[in-house]
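What follows is the residue order along each chain.
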Amino acid sequence: MIHCTYRRDKREIVIEGHACYSFKGTDIVCSAVTALEYTLNAYIEKVRLTDNLPVENSMGDAKGVFSGCPETDEVFEAIWNGLLLIANSYPKYCSCWVG
């Protein structure tokens, strides 16, 4: 299962685990979550390079940690809403918690 945690007080989203919905390369739950992770990762990289804001990202095997700042709040909320939609559609494979 993919576990997603949003720590609003720290402006941090942590995504870890595997969906195990289907075989590697055909797992639509994993693909959907990964697309949101890559979107957030690219945005954080852009913000860090162009605006020099205090943001961080770390993506590894089955774990992503993304830290933002006040200027990234709207994007973090949008990504979180996407993760919630996935968790609501596939509750056996993805869970979301606000910590």
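So, a few notes on the structure that sits alongside this text. From a predicted model like this one, the values you see are computed outputs, not experimental measurements.

## Concerning the overall build of the chain
In terms of regular secondary structure, the chain is built from 2 helices and 5 strands. Starting at the N terminus and ending at the C terminus, the chain contains elements arranged as β-β-α-β-β-α-β. Against the globule reference of 13 Å for 99 residues, the chain gives a C-alpha radius of gyration of 13 Å, in line with a compact fold. When the backbone C-alpha atoms are referred to their principal axes, the chain occupies close to 40 × 25 × 15 Å. Per-residue burial for the chain yields a buried fraction of 36% across its 99 residues. Sequence-distant contacts in the chain: of pairs separated by 6 or more residues, those separated by 24 or more amount to 56%. Of the roughly 6,000 Å² of accessible surface on the chain, a fraction of 55% belongs to carbon and sulfur atoms.

## Overview of the packing of helix α1 (residues 28-51) against helix α2 (residues 73-89)
At a closest axis distance of 10 Å, the pairing of α1 and α2 adopts a crossing angle of 175°. Overall, the two elements α1 and α2 adopt an arrangement that is roughly antiparallel. Along the contact surface, α1 presents Val29, Ala32, Val33, Leu36, Thr39, Leu40, Tyr43 and Ile44, while α2 presents Val75, Phe76, Ile79, Gly82, Leu83 and Ile86. For the contact of α1 with α2, the class distribution of residues is 12 nonpolar, 2 polar and no charged.

Basis of the calculations
Residues numbered from 1 in each chain as written. Predicted model: local features only at pLDDT ≥ 70, side-chain atom pairs only at ≥ 80, totals over all residues. Heavy atoms only, no water. Helix = DSSP H or I, 4+ residues; strand = E, 2+ residues; numbered from the N terminus. Rg over C-alpha atoms; globule rule 2.2 N^0.38 Å. Buried < 20%, exposed > 50% of the residue type's maximum accessible area, 1.4 Å probe, protein only. Contact = heavy atoms within 4.5 Å. Areas by Shrake-Rupley, 256 points an atom, 1.4 Å probe, with all protein chains shown as cover. Axes fitted to C-alpha atoms, helices over the stretch in contact; angles between N-to-C directions. Parallel < 35°, antiparallel > 145°, perpendicular 65-115°, else oblique. Nonpolar A, V, L, I, M, F, W, Y, C, P; charged D, E, K, R; others polar.

Note that all results are geometric; they support no functional claim without further evidence.
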